[in-house]
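# Commentary on secondary and tertiary structure
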Amino acid sequence: MGSCGGSSWGFWMLGVNTMPRSFEIVNNDGQWEYEASSLLKGEPELVTEPKQVVTYEISDDAVWSDNEPITCDDWVYTWDQVANGEDIYDTTGFRDIESVDCPDDKTAVVTFAQPYAGWKSLFGGQFGIYPSHILDGKDRNAEMIDGYDWSGGPWKLDTWARGDQLVLVPNENYWGTVPTLDSVTFRFLPDSAAEFEAFTGGEVSGIFPQPQVDVVEEVSAGIDGATVDIQADSPNAEGVWINNSVFPFNSKAVRQAFAYSLDRDAIVERLFGGLDLNEATQGFNPPIVGDFGDPDAFSIYTQDLDKVDSLMTGDGWAKGSDGVWAKDGQRASIVFKTTAGNARRELTQDIVIEQAAAAGFEVTTDNQEASDLFGTQLPAGDYQMALYAQVLTSLEPSLASLFLSANIPGPANDNAGQNWTRTNIPAADPFLAEVDANPNQDERSDAQAEADTLLAEDATSIPLDPLPNIMIVSDSVVGEKINNPIYGPWFDMEGWSLG
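The sections below set out a description of the structure shown in this document. Because the structure is a prediction, the values reported are computed rather than measured.

### Some thoughts on the sheet that holds strand S16 (residues 333-337)
Spatially, 5 strands are ordered S17-S16-S18-S12-S19 in an open sheet, and the strand pairing comes out mixed. Two strands in the sheet have a free side with no partner beyond their single neighbour: strand S17 (362-365) and strand S19 (462-465). For this sheet the average axis-to-axis angle between neighbouring strands, irrespective of direction, equals 35°. Of the strand pairs in this sheet, strand S12 (residues 236-242) and S19 are connected by 3 bridges, and their pairing is antiparallel. Note that in S19 the partner of Gly239 across the bridge is Pro463.

This is the structure in structure tokens:
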């Protein structure tokens, strides 16, 4: 739950397979949708007047791995921890809840102080539901920082060797389908070339590689004896994320000028042309919800060096003899961070640096281990510009968690929130908030479109590419293999066996 818990792989490997959730995300006729999970007796009851109230009927069969029933107390505990805890990754939705009441152990009545349209993403999604009988009264972070031996899913954690591997074993008390495999071992191979070598050498049975340039070439050439799923309509939105609160990007004109310095289509073509992806994304909602709002909001930014010159000179900058913009004795020098050792992102940096230099910006790199970048530096605002992807943990197309000013981490919200770019656009806040609160989908989309226009005009950050998901699983693995855009490629392993 903490701000350090934003690891997609941690979510896909461990959270999805051990944390119970109220809703599954399933594909119905090509459309990804929410469906009540086996944790519940059926679809929750939703009442919208006079207040929004959701009533969950919990399955009588649902138990934790120690055979203790999953009860309403677990809903209460989870809500309290997210809504009132310190240093929470994202309180969206949970902070709108007024109360969670328990008329009996197997009924949870959730009353909202204000409407929240994305209520199906709560008590599941990125957090799941936590066992109150184990954690209540304890320091949750301290109890879970090195893993946890309880589960409310089909698997439970057996061992976790940091930096090496993580092993799951079946949860024998799971009320649904108990896995047939004795164990599943995840090896941590952050280099895509090492992943492919391990896969082709038979050391691993499946990989979910970053779409590096060499990966694109391998996939394009074809892989025998494997199921390959390329998900272009991905849940990912990779971008050049800008800290709006630090020099030189505390000037809107500089942010706009930098956006005009880039040929983003050329970058995407260089990275993903082999997968027939050659156009930059033009908004921050990823392709899986890309029709929501205004998916073309950032199309105003194409490479235009004349506009760069106009914006920069209008903001009081002048180019020095070295061709770099300067103002009041300070140069337009930018440190660009991303995850260390990621060849595709390093290539992206190289292209951005070259394009930005032609426009008068001096860009250098200072790449970081993922744990440092996402765990401490980005939440603390310790950066000027960074390259990474935002990955959906629900089907909700809201951008409030990323750009609502109330979600800027700081003392006012106990450092909770994902607005790491320190975006503060008062005119956009009501529209972003309406997307979360208004149950009418068309009106929500219209509100998001208004927000998208303001985010683009402000050049708060720069959307870049859809970062397609690539799942590769050996044919020796028998069972349905689904590249779930939210829960990842390993969420249905309980139905797998080896042939």
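### Here's the deal with the sheet that holds strand S13 (residues 318-319)
Read across the sheet, 3 strands follow the order S13-S14-S15 without closing on themselves; strand pairing throughout is antiparallel. Of all strands in the sheet, those bounded by a partner on one side alone are S13 and strand S15 (330-331). Looking at chain direction, S13 and strand S14 (residues 325-327) are connected through 2 bridges and run antiparallel. Of the residues in S14, the one forming a bridge with Lys319 is Trp325.

### Remarks on helix H2 (residues 72-84)
With 13 residues, H2 should reach 18 Å at 1.5 Å per residue; the first-to-last C-alpha distance of 18 Å fits that figure. Buried residues along H2 sit against strand S4 (53-57), strand S5 (97-104), strand S6 (107-112), helix H3 (132-135) and helix H4 (140-144).

### A short note on the packing of aromatic side chains
Two aromatic rings are characterised by how far apart their centres lie and by the angle between their planes. Per the counting criterion, the structure on display carries 32 aromatic pairs. Here the aromatic rings of Trp241 and Tyr388 are separated by 5.4 Å at their centres, their planes lie at 20°, and the arrangement is stacked. Remark: Tyr388 occurs in strand S18 (residues 385-391) and Trp241 occurs in strand S12; sequence separation between them is 147 residues. Taken individually, Trp241 and Tyr388 each receive the classification buried, so the pair is uniform in this respect. Three or more aromatic residues joined by ring pairs make a cluster, and in this case those are Tyr89, Trp241, Tyr260, Phe284, Phe298, Tyr301, Phe374, Tyr388, Phe403 and Trp420. In this structure, Arg21 is placed above the aromatic ring of Tyr487, and the distance from its NZ or CZ to the ring centre is 4.3 Å.

The rules behind these values
- Residues numbered from 1 in each chain as written.
- Predicted model: local features only at pLDDT ≥ 70, side-chain atom pairs only at ≥ 80, totals over all residues.
- Heavy atoms only, no water.
- Pairing = 2+ DSSP bridges.
- Helix = DSSP H or I, 4+ residues; strand = E, 2+ residues; numbered from the N terminus.
- Axes fitted to C-alpha atoms, helices over the stretch in contact; angles between N-to-C directions.
- Expected span 1.5 Å × (residues − 1).
- Contact = heavy atoms within 4.5 Å.
- Phe/Tyr/Trp six-rings, centres within 6.5 Å; stacked < 30°, edge-to-face > 60°.
- Buried < 20%, exposed > 50% of the residue type's maximum accessible area, 1.4 Å probe, protein only.
- Lys NZ or Arg CZ within 6 Å of the ring centre and 35° of its normal.

Geometric values such as these leave the question of function open.
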